[in-house]
Amino acid sequence: MSPTSLCVPLLLLVCCLCVESRFPTLDHLGPQASDQTQSRAVAELLRRLLGTRSSDFIVVVNRSLSNDSLDLCELRSTRNNKILATGSTGVSVASGIYNYIKYFCNCHVSWSGDQLALPRPLPRLSGVLRINTQHRFRYYQNVCTFSYSSVWWDWSRWEREIDWMALNGINLPLAFTGQEALWQEVYRALGLNQSEIEDFFSGPAFLAWNRMGNMFRFGGPLPQSWHVNQLYLQFKILERMRSLGMIPVLPAFSGNIPKGILRLYPEANVTRLGPWAHFNCSYSCSYVLDPRDPLFLQIGSLYLSQVVKQFGTDHIYNTDTFNEMTPPSSDPGYLSAVSRSVFASMTAVDPQAIWLMQGWLFFSDAAFWKPAQIQALLHGVPLGRMIVLDLFAETEPIFSYTESFYGQPFIWCMLQNFGGNSGFFGTVESMNAGPFNALKFPNSTLVGVGMTPEGIEQNPVMYELMTELAWRKEPVNLLKWVSLYALRRYGSTQESLGMAWRLLFSSVYNCTVAHYRNHNHSPLVRRPSFHLNTDRWYDPEKLFQAWKLMIEAAPSLMSKETFKYDLVDVTRQVLQVLTTYYYQDIAEAFQKQKLPELLTAGGVLVYDLLPELNRLLSSDRNFLLGTWLERARSFALDEKEAQLYDMNARNQLTLWGPSGEILDYASKEWGGLMEDYYAQRWGLFVQTLVECLDSGRPFKQDTFNQVVSQVEKGFIYNGRKYPTKPQGDTYEIARRIFLKYYPLAMKRLS
């Protein structure tokens with residue numbers, strides 16, 4: 001079967017639904033760049049992506065192609081075997097071409113590598129391929145993504161990400177980089193001294209929660225070189241996003257203020273919040289200015305004026321009140337006044353302002369946010385002047401019990417990942433149906449779909465599926481879709497690869513457990529104890545079968561970076577499951593006081609499985625702790641700054657706070673981290689249990705925690721440099737692991 005014939009059924013993805021905008025208040029949100037600028041930007045993107053083969057595509061942006069603000073792209077073959085792509089925006093053209101590259105050329109682009117073996121000549125289109133969307137907006141990123149994933153990115157990495165956004169149809173990205181530099185100028189203008197400002201900003205790896213008012217100071221102070229560097233990046237980020245026809249979302253004021261404001265304005269109506277997470281008031285208990293206080297409008301408009309002056313504007317701004325913080329009053333009148341005041345601080349600077357708000361607070365503090373309180377907050381802003389991100393809609397859709405956010409437009413979002421965790425996770429059935437159900441909801445105010453992961457660069461299949469659904473008129477056949485995903489990801493027609501992915505999609509990527517938070521609960525990445533969560537939402541046998549199929553296919557595919565990544569990732573997930581088995585054996589042996597069994601299970605885990613996992617992870621560039629740390633240190637001007645950034649980078653992955661306040665939340669299964677952090681903890685745990693059995697002493701968790709915390713803190717300050725280049729032969733390591741552990745895994749299931 002030819003590549004083209006495989007793709008004919010997929011022309012069903014062409015969506016012909018054209019509807020009038022229900023919210024004319026949003027009609028001014030659109031590309032600022034000229035059609036010519038957008039055409040050039042897409043042509044340059046293709047040159048970066050395809051090199052000389054980019055000349056096989058002719059790019060034309062013509063905004064008059066769409067008369068209803070809904071993006072579309074038309075592709076046709078020319079007489080000289082080129083593809084002419086004409087679209088209403090740069091993003092629509094880029095995503096239209098990527099659709100052709102995927103389904104007619106069997107190619108693929110992802111965080112974890114590209115497969116771009118374009119046929120020569122390009123497959124011809126017999127007619128016009130018309131691709132459009134019923135979603136005005138395709139949103140991307142979470143306020144946390146900037147700390148968990150992009151905090152250490154340089155321009156080349158940002159450029160790559162913005163290219164990925166355009167190819168995948170993103171037109172409404174969050175653009176939060178560099179905002180502290182502007183806040184510093186605002187605070188100086190208000191009269192704060194430098195020490196008061198430095199005492200407020202957290203370190204780079206924790207800025208997301210400083211911005212949301214959850215915490216301050218920890219990991220700081222921010223060096224002046226940081227501000228300069230981030231401003232430089234933001235200018236380039238915004239220029240590139242806008243050139244492609246995107247609408248960047250800029251930051252606004254939520255009321256979170258430095259303590260120094262109280263010195264300058266002692267009469268201001270300021271509330272000091274309670275502790276956040278497990279932090280004490282040394283780093284949390286933030287100061288929040290009441291939005292009804294006249295000072296709020298003064299500070300908010302002063303800041304937004306700086307934002308517009310320095311960054312320009314596309315008239316849409318994000319800020320979040322009460323994020324994971326309970327408001328001081330549940331009175332609907334108060335809550336309406338709050339949102340009215342926040343919005344007024346925007347319109348005082350930009351009369352066309354639209355407020356984009358994360359809807360996470362309604363889920364995270366559901367005990368407070370009852371219908372009356374939600375409606376009051378939302379109706380403090382005129383209908384159509386606020387867009388709510390239904391942040392966790394694949395699992396906890398808020399629109400379904402708020403009458404479609406009581407009339408405010410909303411975006412259905414897939415959250416997918418907490419903390420940038422490495423583990424496999426997906427809710428493919430819920431994702432596949434969710435956006436279409438939201439469209440059909442009575443009096444739906446849906447204006448888009450989006451992705452709001454706390455961390456990225458894992459589970460690439462989930463993001464490809466979600467971005468594609470924005471251009472579909474109905475749910476996909478998931479097993480057919482993932483079979484084609486395997487074909488284009490590896491450029492191989494081996495049926496076993498499609499079978500492997502179908503097994504994964506029917507198990508680990510199809511969580512249907514109600515209220516299961518997509519977070520890695522594996523004992524592998526948790527501080528050892530006898531109370532670890534060993535629940536799974538899937539049948540591990542299907543994972544093991546997929547692993548076997550990929551091992552068997554590996555010899556002919558190891559030159560493909562995409563396959564190599566997936567082989568590491570599947571093997572990593574298998575060893576994560578096996579760690580749970582050995583943990584259960586260790587716990588049972590200790591409880592039954594069987595020292596030989598404890599030594600056997602503990603010895604295999606500590607002296608073979610975890611070292612093998614570290615070797616495997618260290619063999620692929622995408623799983624290296626050294627890369628994360630090197631990127632962090634690269635921002636430093638001197639060794640003092642380098643040490644600050646290194647501490648930030650290590651702490652976020654592990655303790656998440658000075659004393660493990662959010663311990664292991666941002667866990668990563670990376671080479672180096674596995675060896676010097678996770679394996680050390682498990683080694684100490686097994687050693688402690690053996691000593692307890694030998695001496696007849698009971699195991700005391702509190703005592704163990706005190707000892708293991710020294711191991712954890714030791715990792716943060718060990719000063720060790722970790723490899724930034726892969727080491728070892730991935731296939732040989734994975735095959736060795738398979739030969740040792742596959743029989744054991746299957747025996748466990750029998």
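Residues numbered from 1 in each chain as written. Predicted model: local features only at pLDDT ≥ 70, side-chain atom pairs only at ≥ 80, totals over all residues. Heavy atoms only, no water.

**Structural notes on the pairing of strand 1 (residues 57-61)**
Burial along strand 1 is one-sided: the face carrying Phe 57, Val 59 and Val 61 is buried and the face carrying Ile 58 and Val 60 is not. The pairing of strand 1 with strand 3 (residues 83-87) spans 5 bridges and is classified as parallel. Residue Val 59 lies in a different strand from strand 3, and its bridge partner there is Ala 85. (Buried < 20%, exposed > 50% of the residue type's maximum accessible area, 1.4 Å probe, protein only. Helix = DSSP H or I, 4+ residues; strand = E, 2+ residues; numbered from the N terminus. Pairing = 2+ DSSP bridges.)

**Considerations on the pattern of salt bridges**
All told, the structure shown has 41 salt bridges when counted by the stated rule. Ionic pairing is found between Glu 468 and Lys 102, a salt bridge with its closest N-O pair at 2.7 Å. Of this pair, Glu 468 sits in helix 17 (residues 460-469) while Lys 102 sits in helix 3 (residues 90-105), placing them 366 residues apart in sequence. Residue Glu 468 is classed as buried on the basis of its relative accessible area, which comes to 5%. For Glu 468, the salt bridge goes to Arg 488, with nearest N and O atoms at 3.9 Å. In this pair, Glu 468 sits in helix 17 while Arg 488 sits in helix 18 (residues 478-490), placing the two residues 20 residues apart along the sequence. The class of Arg 488 is buried, set by a relative accessible area of 1%. (Salt bridge = Lys/Arg side-chain N within 4 Å of Asp/Glu carboxyl O.)

**With respect to the sheet that holds strand 17 (residues 446-451)**
Strand order across the open sheet formed by 8 strands is 8-7-17-16-15-14-13-9, with parallel pairing between neighbours. Of all the strands in the sheet, just strand 8 (172-173) and strand 9 (250-251) have a single pairing partner and so form its edges. Of the strand pairs in this sheet, strand 16 (residues 410-414) and strand 17 are connected by 5 bridges, and their pairing is parallel. If you follow Phe 410 over to strand 17, its bridge partner there is Leu 446. Where helix 16 (residues 428-440) meets the sheet, it contacts strand 16 and strand 17, and its direction lies at approximately 175 degrees from that of strand 16. (Contact = heavy atoms within 4.5 Å. Axes fitted to C-alpha atoms, helices over the stretch in contact; angles between N-to-C directions.)

**Let's talk about the packing of helix 16 against helix 17**
At a minimum axis separation of 10 Å, helix 16 and helix 17 run at an interaxial angle of 15 degrees. Put simply, helix 16 runs roughly parallel to helix 17. In this structure, helix 16 crosses over helix 17, and the sense of that crossing is right-handed. Of the residues in helix 17, those in contact with Val 428, Met 431, Asn 432, Pro 435 and Phe 436 of helix 16 are Met 462, Leu 465, Met 466 and Leu 469. Of the residues belonging to the contact of helix 16 with helix 17, the class tally is 8 nonpolar, 1 polar and no charged. (Parallel < 35°, antiparallel > 145°, perpendicular 65-115°, else oblique. Left-handed = near helix turned anticlockwise from the far one by under 90°. Nonpolar A, V, L, I, M, F, W, Y, C, P; charged D, E, K, R; others polar.)

**A few points about helix 17**
Side chains three or four residues apart in an α-helix point the same way, a direct result of the helix having 3.6 residues per turn. By the criterion of burial, helix 17 is predominantly enclosed, with 10 of the 10 residues buried. The set of residues buried in helix 17 consists of Pro 460, Val 461, Met 462, Tyr 463, Glu 464, Leu 465, Met 466, Thr 467, Glu 468 and Leu 469.

**Re the pairing of strand 2 (residues 72-77)**
Among the 6 residues that make up strand 2, 5 are buried, leaving the element largely enclosed by the rest of the structure. In this structure, strand 2 lies alongside strand 6 (residues 129-132), joined through 4 bridges in antiparallel fashion. Its bridge partner lying in strand 6, Cys 73 is registered against Ile 131. Pairing geometry for strand 2 and strand 3, over 5 bridges, is antiparallel. Following the sheet pairing, Cys 73 is matched in strand 3 by Gly 87. Here strand 2 folds back onto strand 3, and the loop between the two strands holds 5 residues, one of which, Asn 81, carries a positive phi near 65 degrees.

Coordinates in, geometry out; function isn't part of it.
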